[in-house]
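Breakdown of the fold
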Amino acid sequence: MKRDKNFTRSRADAARADFSGLKVAIVGGTGGIGRAFSRLLASRGASVVVVGQSFRDSDVPGIEFIKADLSLMREAQRVAHLLPAEGLDLVIFTTGIMAGPTREVTAENIERDMAVSYLSRLAIVREIGPRLGKRQAAGQMKPRVFIMGFPGNGQAGNLDDLNSEKSYGRWAAHMNTVAGNEALVLDGAKRYPNANFFGLNPGFIKSNIRSNLFGGKTLLYRFIEWMTGLVASSAEDYAERLAPLLVSPDLEAHSGVMFDRKGQAILPSPELTDGNYVAAFIAASEALV
Ligand SMILES: NC(=O)c1ccc[n+]([C@@H]2O[C@H](COP(=O)([O-])OP(=O)(O)OC[C@H]3O[C@@H](n4cnc5c(N)ncnc54)[C@H](OP(=O)(O)O)[C@@H]3O)[C@@H](O)[C@H]2O)c1
């Protein structure tokens, strides 16, 4: 992952970041990193709507819930219609799983990781993208869309087999979603001048994301999570560190930029600096949706 030397931002102060009155949607805000963001932003005065399968914060003021199984594109489209996109200041995508040892497909015949971790986001962005910013007053911050994944790691995906039909490997399947999310940031920045798009790479965070990697919570999974726990940050620490970036005025003219676990700007993967490749990747993804 290479730092973006052309991008500077002032050192933001977490305590000064003001979220009061902000309207925020967090797709994947019911667990892990998304949940840490939703609880933090709500505690600082934002109105937050979270999308996920299991709501765990019904006792927290300022958080509303939309229940959805985002492995299904028709569910993603239904959720997108429910979101109050015209008035949203921030949209954060943190939905995710990791592909398991054998290929799983959804009722819509899409490889499950691809569906949950990437295509559901694409489906939502396509519906809300043109609506973002429509009800914002002049002088307000342009709506911002943050897409979390693993950008900047040189993953191009396999354009000829995004649905892992020709061959299946859990790592290759997951890397299709990594490339897709990075492409979605770059494409969104170009396609929607009414909003700003950014990528987030959180590094290693203690969460539930790896629970499917070995087909369940096996002994190997427990060992790897124990090892991960020695080096990984908590979701709460990461959210606290990144929160000021979400509203930093310095981002305004930098749509398409991606950030590492410390909130420092990183360069996109070299494979995705080819605009034609990004366009082809997005077109193949839309065909799947
Ligand atoms: N943790 C890491 O080390 C790490 C590293 C690199 C990148 N990331 C990225 O960070 C993002 C967040 O990951 P995380 O670590 O916070 O994972 P997590 O703790 O497993 O949380 C994932 C979120 O996705 C939701 N979700 C999963 N399947 C869903 C479905 N079928 N329908 C609707 N919602 C669903 C979960 O909701 P429910 O609990 O309600 O099902 C939860 O809110 C992902 O994009 C991941 O790829 C994480």
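Residues numbered from 1 in each chain as written. Predicted model: local features only at pLDDT ≥ 70, side-chain atom pairs only at ≥ 80, totals over all residues. Heavy atoms only, no water.

1. Details of the pairing of strand β4 (residues 90-93)
Neither face of β4 is left uncovered, since the one carrying Leu 90 and Ile 92 and the one carrying Val 91 and Phe 93 both have all their residues buried. Relative to β4, strand β1 (residues 23-27) is paired through four bridges, and the arrangement is parallel. Within β4, the position partnered with Ile 26 by the bridge is Ile 92. Inspection of the sheet shows β4 paired to strand β5 (residues 144-148) by four bridges, in the parallel sense. Bridged to Ile 92 within β5 is Phe 146. For the crossover that starts at β4, traverses helix α3 (residues 112-128) and ends in the parallel β5, the hand is right-handed. (Buried < 20%, exposed > 50% of the residue type's maximum accessible area, 1.4 Å probe, protein only. Helix = DSSP H or I, 4+ residues; strand = E, 2+ residues; numbered from the N terminus. Pairing = 2+ DSSP bridges. Right-handed = clockwise from strand over helix to strand, strands pointing away.)

2. Section: helix α7 (residues 275-288)
An α-helical turn contains 3.6 residues, so a residue and the one three or four places further along point in the same direction. Here α7 contains 14 residues, and its C-alpha end-to-end distance of 20 Å stays within 8% of the 20 Å for a straight helix at 1.5 Å per residue. Close packing links the buried residues of α7 with α3 and α4 (170-191). (Expected span 1.5 Å × (residues − 1). Contact = heavy atoms within 4.5 Å.)

3. Remarks on a nonpolar patch on the surface
A surface patch of nonpolar side chains, amounting to about 680 Å² of accessible area, comprises Leu 220, Phe 223, Trp 226, Met 227, Leu 230 and Val 231. Take Leu 230: it is sitting in helix α5 (residues 219-231). (Patch = residues over 30% accessible without salt bridge, like charges linked within 9 Å, V, L, I, M, F, W, Y side chains within 5 Å. Areas by Shrake-Rupley, 256 points an atom, 1.4 Å probe, with all protein chains shown as cover. Salt bridge = Lys/Arg side-chain N within 4 Å of Asp/Glu carboxyl O.)

4. Overview of the pairing of strand β6 (residues 196-200)
Counted residue by residue, β6 has five buried out of five residues, so it is predominantly covered. Where burial is concerned, the two faces of β6 agree: the one with Asn 196, Phe 198 and Leu 200 and the one with Phe 197 and Gly 199 are both buried. Read as a crossover between parallel neighbours, the route from β5 over α4 to β6 is right-handed. In terms of strand pairing, β6 meets strand β9 (residues 258-259) through two bridges, oriented parallel. Following the sheet pairing, Leu 200 is matched in β9 by Phe 259.

5. Quick word on the packing of aromatic side chains
For any two aromatic rings, the description comes down to two numbers: the centre-to-centre distance and the angle of the planes. This structure, assessed with the given rule, holds nine aromatic pairs. Grouping aromatic residues by their ring pairs yields a cluster made of Tyr 118, Tyr 277 and Phe 281. (Phe/Tyr/Trp six-rings, centres within 6.5 Å; stacked < 30°, edge-to-face > 60°.)

6. Some points on the site of the ligand
Taken together, 30 residues form the shell around the ligand, and within it Thr 30, Ile 33, Ser 54, Leu 70 and Ser 207 come nearest. Backbone polar atom of Ala 68 to a nitrogen atom of the ligand: 3.4 Å apart, as the coordinates give it. Within the backbone of Ile 209, a nitrogen or oxygen atom sits 3.3 Å from an oxygen atom of the ligand. The fraction of the free accessible surface of the ligand (900 Å²) that becomes covered by protein chains is 91%. Tallied by class, residues from the shell around the ligand come to 11 nonpolar, 15 polar and four charged. (Near = heavy atom within 4 Å. Polar contact = N/O pair within 3.5 Å; in protein donor to acceptor, adjacent residues only side chain to side chain. Nonpolar A, V, L, I, M, F, W, Y, C, P; charged D, E, K, R; others polar.)

7. Notes on the layout of surface pockets
Estimated volume of the largest pocket: approximately 1,300 Å³. Counting residues per element, the ones that place at least two in the lining of the largest pocket are α1 (32-43), β2 (47-52), α3, α4, β7 (205-206) and α5. Of all the elements, α4 adds the most residues to the lining of the largest pocket, at six residues. (1 Å grid on protein atoms, 1.4 Å probe; cavity = no way out; pocket = protein on both sides within 12 Å on 5 of 7 lines; lining within 4 Å. Points joined across faces, edges and corners; volume = space filled by probe spheres on them.)

8. Here we look at helix α6 (residues 235-246)
The end-to-end C-alpha distance of α6 is 16 Å, a good match for the 16 Å that 12 residues give at a rise of 1.5 Å each. Every buried residue of α6 is listed here: Ala 235, Tyr 238, Ala 239, Leu 242, Ala 243, Pro 244, Leu 245 and Leu 246.

9. Observations concerning the packing of α3 against α4
Following both chains from N to C, one finds α3 and α4 inclined at 15°, their axes separated by 8 Å at the closest point. In terms of axis orientation, α3 runs roughly parallel to α4. Along this stretch, α3 crosses α4, giving a crossing that reads as left-handed. Two secondary-structure elements touch here, α3 through Asp 113, Met 114, Ser 117, Tyr 118, Arg 121, Leu 122, Val 125 and Arg 126 and α4 through Ala 173, His 174, Asn 176, Thr 177, Gly 180, Asn 181, Leu 184, Asp 187 and Arg 191. Split into classes, the residues belonging to the contact of α3 with α4 amount to six nonpolar, six polar and five charged. (Axes fitted to C-alpha atoms, helices over the stretch in contact; angles between N-to-C directions. Parallel < 35°, antiparallel > 145°, perpendicular 65-115°, else oblique. Left-handed = near helix turned anticlockwise from the far one by under 90°.)

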